[in-house]
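# Descriptive analysis of the structure
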Amino acid sequence: MFQDRLHAHLVPALQAAFKLHFGHDLDGSKVVFQQTRPEFEGDVTINVFPFLKASGQGPERTAQLLGDHLVAKLDIIERHNVVKGFLNLVISDAYWLGFLAEVGTKDLLAFPSTGMEMMVEYASPNTNKPLHLGHLRNIFLGWSVSRILEAAGHKVIKVQVINDRGIHICKSMLAWLRFGNGETPTTSGLKGDKLVGKYYVEFDKAYKKEVESLVASGRAKEEAEKQAPILLEAQEMLRKWETNDPDVRALWERMNGWVYDGFNATYARIGVSFDKDYHESGTYVLGKADVLAGLKKGVFYEKDGAVWVDNTKEGLDEKVLLRRDGTSVYMTQDIGTAIQRFEEFPGLRKLIYTVGNEQDYHFKVLFIILKKLGFAWADELFHLSYGMVDLPTGKMKSREGTVVDADDLVQEVVDTARAVTSELGKLDAFTDDERTALFEMIGLAALKYYLLKVDPKKRMLYDPAASIDLQGHTGPFIQYTYARIQSLLRKAGMDADALGTTMGIHALLPEERAVIKHLHQFPAVLNEAATRLDPSTVANHTYELVKAYNGFYQSVPVLKEEDAEKRSRRLALSTVVAATTKKAMWCLGIDVPERM
RNA sequence: GACCCCAUAGUUCAAUGGAUAGAAUAGGAGUUUCCUAAACUCUUGAUCCAGGUUCGACUCCUGGUGGGGUCACCA
């Protein structure tokens, strides 16, 4: 259970009680709250086992004495019971209703500004291939983490690094020159990134053919793979690029431009954006000077003409940072760009790299190097490492054509949303535009929620059937609950004045209490998500909230309630649930509809 | 070979060292003259194996087994 605002109420009283009865100080960090199990009476449970050493008493007696004290001293504790070492506390209706009234008019999930500036890097595509399912997990994660940090009061700068240079794009360029016949996105009707991707595949085909024929004419396979003429030509093109050959540069600009148009179309459809784009072509020369400076300072060393770092003391290996010919490696670049970013944004308090866990080692090394170079901010670097997405058939492999294309995937979930929603036939009042917008909203909710509800660190399975499911633990289920509340509120005529009058003489029903308790925990959940950079925490708690609300909705009348006080209290509760759900989904990058 | 990560119902996911391990889905049984049944209620079903630490272990430690990843003067 999360440490919510009750914690602040209870811990001091608990410590005072402890001192009084057992004569020792109680370490506040040992006080852990949990949700009371449904089979016992209570709202909050305190486990007293950790206190026994200090109390010198058995668990029952320790719990009993503390419980008696709390009931006597605190109005908000109605009564208690003790089961083994567990002290179950019943919190008063007044406390819960007071909480509801307090949040009734404000955003439960908006924290005061911290003034802290944080950069989140995500997406980071290569320009030779379209985006795929793996990118989607990365992008939704990065976007959601950005939103969560924003909600938590931080200032967030969202950036992507576009890997726009290198042998990969030269391969596409060369193949396009050879086989393209001047084809463009306009003449072909293909999205720009798809067109360039197509020629990357064409290159590979031609290359394989050349290797085969070389092998057939008696060359060793390894040699053939290195000597295939088309590969040599691509490498030559890269050299020309590096020496600013005007023709090569012009073609490169043109084809990358197509790719950006394609990427931007995808980004727009899935509802994400960036505050700043970095291009590898502009940063790949960075870092060299920093490494040389480190060499001078003795942080690095020279061996065989190359510059190395020795991380064996940290349990890692030695690693080359500058080749014998003085050129950079990938690590060099990353050193340089990190330094550049902190120069550009001196107020940065955190730099988060959303990158797959196959690069865990790379980032470990990078962070150690920056620390060794003496940058204080090296401690503020964070690798938001996420697991690969597997298919039911196994790994995604581009060579085997099992990669799930991002645009195709989005289209598929939207189509499914259209089919299912149309079947349910609740859209009579919708215009065509409204329908289209709703299908997009529902389809994307299904996809995003599916990818975000899993702990980012973990490898996950992408099951096409489950990802377009609209029932159960899904995004559309949450949207549906929201839409149903909106319908309720519209019919109630939303008489805002009534919402203040939630206090009253009627006891809370268990269903009402359950919903309020979920709301009550939510700020702590958001805090946790922001600390751990984990959207799944928010996703799962939102689900629990709306599930509790559905239970309430099912068995407790709202509009049909005749008692005005009960009715307005339930409307107030519904209002807060809707607002909180909307904000929580905003944190996940998911929109919610007013009706569906 | 070395290092890192993972292993929970049939399946996909939860569970700050704490009570009888939760959901969803699939399977079975129900709920609508009533605020949206994309909902709700009931039900079947799981901690890879062997040791250890602890009052208490899915969680921590050791050793297995199985799966994934990383280990270029590549990016």
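Residues numbered from 1 in each chain as written. Chains lettered and ligands numbered in written order. Predicted model: local features only at pLDDT ≥ 70, side-chain atom pairs only at ≥ 80, totals over all residues. Heavy atoms only, no water.

## Focus on the protein's contact with RNA strand B
Close to RNA strand B lie 59 residues; Arg323, Lys426, Tyr480, Lys491 and Lys560 are nearest. Atoms of RNA strand B within 4 Å of the protein: sugar and phosphate make up 60%, bases the balance. Interatomic distance of 2.4 Å between a side-chain N/O atom of Lys491 and a phosphate oxygen of RNA strand B. At 7 residues, the largest contribution of residues to the surface near RNA strand B is made by helix α19 (residues 475-492). Broken down by class, the residue content of the surface near RNA strand B amounts to 29 nonpolar, 12 polar and 18 charged. (Near = heavy atom within 4 Å. Polar contact = N/O pair within 3.5 Å; in protein donor to acceptor, adjacent residues only side chain to side chain. Helix = DSSP H or I, 4+ residues; strand = E, 2+ residues; numbered from the N terminus. Nonpolar A, V, L, I, M, F, W, Y, C, P; charged D, E, K, R; others polar.)

## Observations regarding the domain arrangement of chain A
Splitting chain A by domain gives domain 1 (5-91), domain 2 (166-279) and domain 3 (407-588). Computed over C-alpha atoms, the centres of domain 1 and domain 3 are 34 Å apart. With 7 residues of domain 1 at the interface, the matching set in domain 3 holds 4 residues. For the pair domain 1 and domain 3, the summed buried area comes to about 440 Å², and 37% of that belongs to carbon and sulfur atoms. Considering only the surface of domain 1 that becomes buried against domain 3, Arg5, Gln35 and Asp43 emerge as the three largest contributors, covering 76% of it. One can count 2 salt bridges joining domain 1 with domain 3. A salt bridge links Asp43 to Lys517; its shortest N-O distance comes to 3.0 Å. There are 3 residue pairs in polar contact (both at pLDDT 80 or more) connecting domain 1 and domain 3. Elements represented by at least two residues in the side of domain 1 that touches domain 3 include exactly α1 (5-22) and β4 (86-91). Its residues placed into classes, the side of domain 1 that touches domain 3 shows 3 nonpolar, 2 polar and 2 charged. (Domains from an automatic or database assignment. Contact = heavy atoms within 4.5 Å. Buried area = accessible area lost by both parts, 1.4 Å probe. Salt bridge = Lys/Arg side-chain N within 4 Å of Asp/Glu carboxyl O.)

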